[in-house]
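Observations on chain architecture
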Amino acid sequence: MNKYKETFGVDISKDVFDVNGSVCGYSQFKNDTSGFNLFLKSLSQDSLVVMEATGYYHYRLAQFLYKSSIPVSVVNPLSVKRFLQMKLAKVKTDKSDAKAICHYGLSIEVPLYNSLTEVQAECLQLFRLMDSYLKKRTATKNKLHGEESLGIPSKYVYRSLQRDLKHLNKEVKGIEERLLALVKQEQQQQLSLLTSIPGIGIKTALFLVVITDGFTKFEKASELCSYVGITPTIRESGSSVRGKSRISKVGNQKLRNLLFLCAFNACKHNRACKALYDRIVAKGKSKKLALIAVANKLLKQAFAIAKSGLPYDENHVSVLAKV
């Protein structure tokens, strides 16, 4: 049951944000400091503001309201979308989106937002930038491969792409070094603990620490697995529908991809993960499904290690991971 006097749903974009209050109704404000202050004047201390995670646009308003002691919740846009689908909503405008987010906040117990430290905020910015560079690097590699397949008809184009690739490699390396330096300031112990797990490298450990705020965002391993999106979804209905089990894919795609890559190494060097992989394959299941299960296992091991404060021990980590 919603315990707040009034709940506000916020749909935020580059220039403005639309607001729908459960009591006062609809209004719109500029997405800048003046708009933030005007919105703040309409709020009481027992109000709840709910907004979708929109990459960049929600961050400033969420931070502003948090520092003004207003309860804020930043929710997954996909969760709101599915909520709308259940309500069979057909109209989609900024105004209707704000109203839908408001109803979502009234109907569901939403988690409260915690302000980021300067280090955490910079780390998230660095990860977004690195993700952008990695996509560009992949595209550049594909173009280089294409030129090679053509026999390099234009040496100028080929050399330009090579320079671009060299620059991107340099930028990615610089970001990784900056990330490592920042996380070591606050979470050196957790980095050491996570990288003690066979299969988890420094890049995945860095991402885990940043994305979970040092594992403070989650109380249970199952919550973290759901956030990452590597929990299985079952597709069955009556006696006729028997779909394949799939992962939910609701959550952080970058972390999910990193864990999937880690699963390959874990199958070789992590005893519990290797046993799980062999057991699933022996049952006739696909190797991909077995690797997804290993990624899930790795994430649970990481959660157990981070929460216990103890380094990896193959004789005890499986017991901890079940807690």
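Let me sum up the structure you'll find in this document.

Conventions we followed
- Residues numbered from 1 in each chain as written.
- Predicted model: local features only at pLDDT ≥ 70, side-chain atom pairs only at ≥ 80, totals over all residues.
- Heavy atoms only, no water.
- Pairing = 2+ DSSP bridges.
- Helix = DSSP H or I, 4+ residues; strand = E, 2+ residues; numbered from the N terminus.
- Axes fitted to C-alpha atoms, helices over the stretch in contact; angles between N-to-C directions.
- Core = buried A, V, L, I, M, F, W, Y, C linked by side-chain atoms within 4.5 Å.
- Buried < 20%, exposed > 50% of the residue type's maximum accessible area, 1.4 Å probe, protein only.
- Contact = heavy atoms within 4.5 Å.

1. Let's talk about the sheet that holds strand 3 (residues 25-30)
By way of backbone hydrogen bonds, the strands of a sheet pair with one another, either parallel or antiparallel. On the basis of which strands lie adjacent, the open sheet formed by five strands has the order 3-2-1-4-5 and mixed pairing. Strands with a single pairing partner mark the edges of an open sheet, and in this sheet they are strand 3 and strand 5 (72-75). Mean inter-strand twist for the sheet, computed between neighbouring axes without regard to direction, equals 25°. Two elements, strand 2 (residues 16-21) and strand 3, share six bridges in a ladder whose sense is antiparallel. Across the sheet, residue D18 finds its bridge partner in strand 3, namely Q28.

2. Describing the nonpolar core
Formed by 75 residues in total, the largest nonpolar core has its most connected members in V10, F17, F39, V49, L61 and L65. Tallying contributions element by element places helix 11 (residues 287-308) first for this core, with ten residues. Ignoring anything within four residues of it in the chain, the contact list for L65 reads F39, L40, L43, V49, M51, I70 and V72.

3. Comments concerning the side chain of T140
With respect to the element layout, T140 can be found in helix 5 (residues 118-149). According to the relative accessible area criterion, T140 is buried, its value standing at 5%. Apart from the residues lying within four places of it in its own chain, the contact partners of T140 are L161, D164, L165 and L168.

4. Examining the environment of L276
Structurally, L276 can be placed in helix 10 (residues 271-282). L276 gets classed as buried once you look at its relative accessible area, which sits at 15%. Taking the C-alpha atoms as reference, L276 lies 8.5 Å from K297; in sequence the two are 21 residues apart. The residues touching L276, leaving out its near neighbours within four places in the chain, are A293, V294 and K297.

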